[in-house]
Amino acid sequence: MGYCSGRCTLIFICGMQLVCVLERQIFDFLGYQWAPILANFVHIIIVILGLFGTIQYRPRYITGVMKISVGPCQSTTAHGHQDTKESGHLQPHCAQHRVSQYAVWLVLWVTWNVFVICFYLEAGDLSKETDLILTFNISMHRSWWMENGPGCMVTSVTPAPDWAPEDHRYITVSGCFLEYQYIEVAHSSLQIVLALAGFIYACYVVKCITEEEDSFDFIGGFDSYGYQGPQKTSHLQLQPMYMQIPLDNN
């Protein structure tokens, strides 16, 4: 029951992460924030893999046929045939591998979001006004929330300064109920909270899978589940035998 509740909680956390990061990805696309777009895309892929590894995991036994794991995503049946999937489920090694990848990525994801928070709060030598790190220095775009935040009023400044690119407009923003940097910090903070929760439950699920593998008795595995190996049957049909006995006339 504990494993089931931990697994279900991890599935819920992964679902929340996907919803939140997809919402964030949309606004990063609108603001041409290329570095966050790339990081969000990798995060979506890893979360989906971790989610599949959690959902598709199944016990070692299915319909009385034992699976002997021989690789991270490969297994062998009791009859010697190799199989990677059956009925849409994953073997313990494969599920454990995917969930472990998810847990390792969450550490990097937390680090990235901490950097984003420091960037928008201008920690150290970082400056959200002059540094163009999030756009890879290929454009002067800022966060989409800068102009479209709650209550923000945008005013175009004419004439534009000489240093402003021709394809960009020079504006001033006023009247915002919440500054755009705090909205970005809130997004990153939410991702950190979800990542920490996901990391804890991912470690718990991996621990449960490992304990299940360690507790498996390979020698008595067949007997405990009433398994009987294939029996050889003879296809030869018995034929009557005739013996000729010589008779002595004497």
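Coordinates for the structure precede this section.
Residues numbered from 1 in each chain as written. Predicted model: local features only at pLDDT ≥ 70, side-chain atom pairs only at ≥ 80, totals over all residues. Heavy atoms only, no water.

1. A closer look at the packing of aromatic side chains
Within the structure shown, the criterion is met by nine aromatic pairs. Residues Phe27 and Trp145 carry aromatic rings whose centres are separated by 4.6 Å and whose planes lie at 45° to one another, so their mutual orientation is tilted. One end of the pair, Phe27, is in helix H1 (residues 2-30); the other, Trp145, is in helix H4 (residues 145-148), with 118 residues separating them in the sequence. Seen from their ring centres, Trp112 and Phe115 are 5.8 Å apart, and the 35° between their planes marks the pair as tilted. Residue Trp112 and its partner Phe115 are located together in helix H3 (residues 92-120), separated by three residues, close to a single helical turn. Judged by relative accessible area, Phe115 falls into the partly exposed class, the value being 27%. By the ring-pair criterion, three or more aromatic residues cluster together here, those being Trp112, Phe115, Phe119, Tyr120 and Tyr180. (Phe/Tyr/Trp six-rings, centres within 6.5 Å; stacked < 30°, edge-to-face > 60°. Helix = DSSP H or I, 4+ residues; strand = E, 2+ residues; numbered from the N terminus. Buried < 20%, exposed > 50% of the residue type's maximum accessible area, 1.4 Å probe, protein only.)

2. A word on the side chain of Gln33
Note on placement: Gln33 falls in the loop between H1 and helix H2 (34-55). You can call Gln33 buried: its relative accessible area is 4%. A polar atom in the side chain of Gln33 sits 3.2 Å from the backbone oxygen of Arg142. (Polar contact = N/O pair within 3.5 Å; in protein donor to acceptor, adjacent residues only side chain to side chain.)

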